Amino acid sequence: MTILIRTLKTLIVVAIFSSHSYAQGTWGQKFEQMGTMLPTPNTYRTASGAPGREYWQQKADYDISVTLNDNNQSVTGEETITYHNQSPDQLKYLWLQLDQNMRAKDSNTPLVSSSSMPDTISGKSLQQRITKDQDFDGGFKIASVKTVDGKAIPYTINKTMMRVDLPQPLKSGAEVSFKVAWSYTINDRMQLGGRSGYEYFPKDGNYLYTIAQWFPRMAVYDDVNGWQNKQFLGSGEFALAFGDYTVRITTAADHVVASTGVLQNPKEVLTATQLERLERAKKSFDKPVIIISQEEAIQNEKSRAKGTKTWVYKADNVRDFAFVSSRKFIWDAQAVKFENNTPLAMSFYPKEGNPLWEKESTKAVVNTLKTYSKYTIDYPYPVAQSIHTASIGMEYPMICFNFGRPNPDGTYSQRTLEGMVGVIVHEVGHNYFPMIINNDERQWAWMDEGINTFLEHQTVVENYPGFNTTWGTPAGVINYMKGEKNDLRPIMTNPENGRSLGYEAYGKPSAGLVLLRETVMGPELFDAAFKEYAQRWAFKHPSPADFFRTMEDASAVDLDWFWKGWFYSVDACDIAVDKVTWYKMNIDAKGFENQVKVSGDGTLGGDDTPVENGLAAPKPFTMANTKSSEYGEFKNSVDDKAIQKRNAEKNFYEVTFKNEGGLMMPIIIEWSYADGTKEVEKIPAEIWRLNEQQVTKVFAKDKQVIGIKLDPKNEIPDIQQSNNVYPRVDSKTRFDKFKDGSN
Ligand SMILES: [Zn+2]
């Protein structure tokens, strides 16, 4: 019986001093730990989010000779892949990615994309969305797969994946070298779209090639997936192993090439003047040096040299390799100083990109390297290059393709400028995510796109005052989060299954990181944890759990509720301030003079109805003397008289908040006082842990409150702002009032 009474007492105490409304709604366990939602930690990946003591990853080195044929727009290559099996497992076969087979005749990509027939459709859309690449075969033609001494190795092609059956199983710790020879026809990017391809310039008859996914590449074998051999359909990008590359690119003798890596034979392919300018650029830290001027590029694009030239590049510790080639390139370069590295920021663009590109491109590369380095690690590669590429933005190690073309007369709008700077920052930023912090893009697009969009936003904010910086912030996802829940997909969705990848992989994860940095954790804790993640996983393969765990491990902020809500659910945020009741102490006659002075028109004992210029009049409450049984031996430490005196003048506001969207978020309250001042108070999201639908909390204020507004600076993507204010602003117009007779 004692137990029963004690339980009853406890319940009563809780009911009085905690939230009133325990019973309402269902409990979604939103503040419980993620538990089995995350993979069990092991010796490869620890519970702290760091690589474990037995962490391993594979290495794939490439030695490639490739010819780009400017006469028939094709690529022909031969590669020797040396695959280092650093896994604890023996491998009977290897998987390679044949990404160009997305453009093969038997590709699944056009088959699995749904479409509908509109009344009117542009030719380009008809070709890209309905007939697809029907008349074009851009798939890989594999000529041979051989051992280094020329014996054929059996292989099987399954769409965009190729299994190579090794002559002997590859033991743990061993390496194998083998050769693949191939060719393919390059797609016209302007006609058929694509990350890779060419743009043809009919006025001068030249091609600008941006060549990527152009060689059979090793798939990733790791402790998370085994072989990541999920087919490439087009949305889920790439999972790639680090390795060292030597690549010999043979192209038209009068083409200029830019590539992943460092040029090994500059004296053979550059003029003496170009070489001298390039040397100067290596010491130019304040502005770019022009290596090929616009006049020189215009001269060059008029020529048609016979024969070819071979450009040799080396790149160490990269996960991929891309290059560009054209007669049309203007080229500028500038050095960037880091403690142990002085990379060159470079841009290549045709005259069609000017005057915008000469002014802005390399500058944007420099700004990106400096800002990203601050938040992650110093840029470790020797170059970072921005290539003008109509219509797309696409990233590769040390080189990326970026849109932003002025009008034919050279004029451009602010929108074009902001778009061009934004895409350059974004694509150069991809050098970090996923090129260095190397996530599996095929499975988790947000890990590179979302994290990168966050730092893109940060870079634009810090370097480009006046630019529109809503994209990637909470305010930028409000309209998306208002959408029908059935049409939304959580961030933790494979990109091929995404409904609105721009938000699911880019905008929403970025907004989530902005929220964490600005609102939930604060910049100091966030920046340190974020940097820790970058440092731990640079040149390694992180998974989502490694990110989630590291952010908590390095900050002591429990964010499981945030990952569950923001990354795993499609819940929206809609916090309402539902009811506010003003109380003042009703002083009884026992020794205290009546100190209650109610300003405004309020008198003690008013009702709940908000009045025109503020809250309803205060209600009285009585402070009783603390019963001695409640504090037992600590009796002497409580001085009821002093407590009463301290609080006699105070205004007590009992506020009820409703969470109508289901997403757990902090409550940011802006109090407006009768004296015209304001105060912002931030309640951590954990206020919702006992009741996820509704909480009531009492605030003691010296000043009299006339109104409350939630989230005054739009830090939280609240999809319904009208219930963020109290007293409610009457949304009825005078006409409505007249019509319904309420005027
Ligand atoms: Zn991107």
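Here's the deal with the packing of helix 9 (residues 445-463) against helix 11 (residues 501-520)
Part 1 of the reasoning: Viewed as axis vectors pointing N to C, helix 9 and helix 11 meet at an angle of 55 degrees, and their least axial separation amounts to 7 Å. Here helix 9 lies oblique to helix 11, going by the angle between them. Like other packed secondary-structure pairs, helix 9 and helix 11 cross with a definite hand, here right-handed. On helix 11, the residues that touch Ala 445, Trp 446, Glu 449, Gly 450, Ile 451, Thr 453, Phe 454, His 457 and Gln 458 of helix 9 are Glu 504, Ala 505, Tyr 506, Pro 509, Ser 510, Leu 513, Val 514 and Arg 517.
Part 2 of the reasoning: The residue inventory of the contact of helix 9 with helix 11, partitioned by class, reads nine nonpolar, five polar and three charged.

Observations regarding the confidence of the model for the protein chain
Part 1 of the reasoning: Across the protein chain, the average pLDDT comes to 91, with 90% of residues at 70 or higher.
Part 2 of the reasoning: Taken as a whole, residues 1-23 scores under 50 in pLDDT and shows 10 contacts with residues more than four places along the chain or in a different chain.

Considerations on the coordination of the zinc ion
Part 1 of the reasoning: The coordination sphere of the zinc ion, as far as protein atoms go, consists of His 426 (NE2), His 430 (NE2), Glu 449 (OE) and Glu 449 (OE), spread over 1.9 to 2.8 Å.
Part 2 of the reasoning: Of note is the zinc ion, whose four donor atoms meet at the metal with angles of 52 to 151 degrees in an arrangement that counts as irregular.
Part 3 of the reasoning: Read in sequence order, the donor residues coordinating the zinc ion give the pattern H-x3-H-x18-E. Of this pair, His 430 sits in the loop between helix 8 (414-429) and helix 9 while Glu 449 is found in helix 9, placing the two residues 19 residues apart along the sequence. For the pair His 430 and Glu 449, a shared accessibility class is recorded, and that class is buried.

Topic: the packing of aromatic side chains
Part 1 of the reasoning: By the definition in use, this model includes 56 aromatic pairs.
Part 2 of the reasoning: Here Phe 562 and Trp 563 contribute two aromatic rings whose centre-to-centre distance is 5.8 Å and whose plane-to-plane angle is 80 degrees, an arrangement assigned as edge-to-face. A single burial state applies to Phe 562 and to Trp 563, both of which are buried.
Part 3 of the reasoning: In this structure an aromatic cluster arises from ring pairing among Phe 31, Trp 446, Tyr 533, Phe 547, Phe 548, Trp 561, Phe 562, Trp 563, Trp 566, Phe 567 and Tyr 568.
Part 4 of the reasoning: Sitting above the plane of the Tyr 93 ring, Arg 163 keeps its charged end 5.8 Å from the centroid.
Part 5 of the reasoning: Positioned above the aromatic ring of Phe 699, the side-chain terminus of Lys 697 is 5.9 Å from the ring centre.

Here's the deal with the sheet that holds strand 8 (residues 197-201)
Part 1 of the reasoning: Strand order in the open sheet made by the four strands is 8-9-18-14, with antiparallel pairing throughout. The sheet is open, and its two borders are formed by strand 8 and strand 14 (256-259), each paired with just one other strand. Going across the sheet, the axis of each strand differs from the next one's by a mean of 10 degrees, ignoring polarity.
Part 2 of the reasoning: In this structure, strand 8 lies alongside strand 9 (residues 206-211), joined through five bridges in antiparallel fashion. Bridged to Glu 199 within strand 9 is Leu 208.

Describing the sheet that holds strand 30 (residues 705-710)
Part 1 of the reasoning: With antiparallel pairing, the four strands of this open sheet are ordered in space as 28-27-30-31. Edge positions in the sheet fall to strand 28 (678-683) and strand 31 (725-726), since each of these pairs with one other strand and no more.
Part 2 of the reasoning: Pairing between strand 27 (residues 667-673) and strand 28: six bridges, direction antiparallel. Among the inter-strand pairings, Ile 669 is bridged to a residue of strand 28, identified as Glu 681.

Overview of the packing of helix 7 (residues 356-375) against helix 12 (residues 523-537)
Part 1 of the reasoning: Where helix 7 contacts helix 12, the axes come no closer than 8 Å and their chain directions differ by 100 degrees. With respect to their mutual orientation, helix 7 and helix 12 come out roughly perpendicular. The segment helix 7 lies against helix 12, with Ser 373, Lys 374 and Tyr 375 engaging Asp 527, Phe 530 and Lys 531.
Part 2 of the reasoning: In the contact of helix 7 with helix 12, the residues fall into two nonpolar, one polar and three charged.

Here we look at the pairing of strand 3 (residues 91-97)
Part 1 of the reasoning: Extensive coverage of strand 3 is indicated by the burial of five of its seven residues.
Part 2 of the reasoning: Relative to strand 6 (residues 161-170), strand 3 runs antiparallel, the two being bridged by six bridges. Along strand 6, the bridge assignment pairs Trp 95 with Arg 163.
Part 3 of the reasoning: With two bridges connecting them, strand 3 and strand 10 (residues 217-218) associate as antiparallel partners. The residue bridging Gln 97 from the neighbouring strand is Arg 217, located in strand 10.

Some thoughts on the pattern of salt bridges
Part 1 of the reasoning: By the definition in use, this model includes 39 salt bridges.
Part 2 of the reasoning: Here Lys 701 ties to Glu 679 by a salt bridge, and the two come within 3.2 Å at their closest N and O atoms. Residue Lys 701 is found in strand 29 (residues 694-701), and its partner Glu 679 is found in strand 28; the two are separated by 22 residues along the sequence.
Part 3 of the reasoning: The buried category is assigned to Lys 701, whose relative accessible area is 7%.
Part 4 of the reasoning: In this structure Glu 679 comes out as partly exposed when scored by relative accessible area, which is 33%.
Part 5 of the reasoning: Among the salt bridges present, the one from Lys 682 reaches Glu 715, with a minimum N-O distance of 3.8 Å. Of this pair, Lys 682 sits in strand 28 while Glu 715 sits in the loop between strand 30 and strand 31, and the two are 33 residues apart along the sequence.
Part 6 of the reasoning: Lys 682 sits in the partly exposed class, given a relative accessible area of 39%.

Criteria and cut-off values
- Residues numbered from 1 in each chain as written.
- Predicted model: local features only at pLDDT ≥ 70, side-chain atom pairs only at ≥ 80, totals over all residues.
- Heavy atoms only, no water.
- Axes fitted to C-alpha atoms, helices over the stretch in contact; angles between N-to-C directions.
- Helix = DSSP H or I, 4+ residues; strand = E, 2+ residues; numbered from the N terminus.
- Parallel < 35°, antiparallel > 145°, perpendicular 65-115°, else oblique.
- Left-handed = near helix turned anticlockwise from the far one by under 90°.
- Contact = heavy atoms within 4.5 Å.
- Nonpolar A, V, L, I, M, F, W, Y, C, P; charged D, E, K, R; others polar.
- pLDDT = per-residue confidence, 0-100.
- Donors = N, O, S within 2.8 Å, 3.2 Å for Na, K, Ca; no water.
- Tetrahedral: all angles 85-135°; square planar, octahedral: opposite > 155°, others 65-115°.
- Buried < 20%, exposed > 50% of the residue type's maximum accessible area, 1.4 Å probe, protein only.
- Phe/Tyr/Trp six-rings, centres within 6.5 Å; stacked < 30°, edge-to-face > 60°.
- Lys NZ or Arg CZ within 6 Å of the ring centre and 35° of its normal.
- Pairing = 2+ DSSP bridges.
- Salt bridge = Lys/Arg side-chain N within 4 Å of Asp/Glu carboxyl O.

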